[in-house]
Amino acid sequence: MFKFFKSVGHTMKEVTWPTWRQNRRDTGMVITASILFGLYLGLLDLLFSFLVQTFF
């Protein structure tokens, strides 16, 4: 068990962590993509709701 945690600690030291600027950029991209995807699905829902109410 101790060997496992020692290995994890060693591996974590080798990780290249993103900078603050990269984190902000990536977070902004995720938020923007989520909003756009939500708008797309909302518009599809409105379209299909309209079509169902009109033709059925």
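Please refer to the structure placed before this passage.
Remember, predicted model here, so these are calculated numbers, not experimental data.

Let us look at the overall build of the protein. Within the protein one finds two helices and zero strands. Its C-alpha atoms put the protein at 65 × 30 × 10 Å along the principal axes. Entry remark: accessible area of the protein is about 5,700 Å², with carbon and sulfur atoms responsible for 72%.

Attention now goes to a nonpolar patch on the surface. Residues Met 1, Phe 4, Phe 5, Val 8, Met 12, Val 15 and Trp 17 make up a contiguous nonpolar surface patch of about 780 Å² in total accessible area. If you trace the backbone, Met 12 turns up in helix H1 (residues 2-14).

Scanning the model with the defined rule gives one aromatic pair in all. Taking the centre distance of 5.3 Å and the plane angle of 70° together, the rings of Phe 4 and Phe 5 count as edge-to-face. Phe 4 gets classed as exposed once you look at its relative accessible area, which sits at 52%.

Basis of the calculations
Residues numbered from 1 in each chain as written. Predicted model: local features only at pLDDT ≥ 70, side-chain atom pairs only at ≥ 80, totals over all residues. Heavy atoms only, no water. Helix = DSSP H or I, 4+ residues; strand = E, 2+ residues; numbered from the N terminus. Areas by Shrake-Rupley, 256 points an atom, 1.4 Å probe, with all protein chains shown as cover. Patch = residues over 30% accessible without salt bridge, like charges linked within 9 Å, V, L, I, M, F, W, Y side chains within 5 Å. Salt bridge = Lys/Arg side-chain N within 4 Å of Asp/Glu carboxyl O. Phe/Tyr/Trp six-rings, centres within 6.5 Å; stacked < 30°, edge-to-face > 60°. Buried < 20%, exposed > 50% of the residue type's maximum accessible area, 1.4 Å probe, protein only.

Any functional reading would require information beyond the geometric quantities listed.
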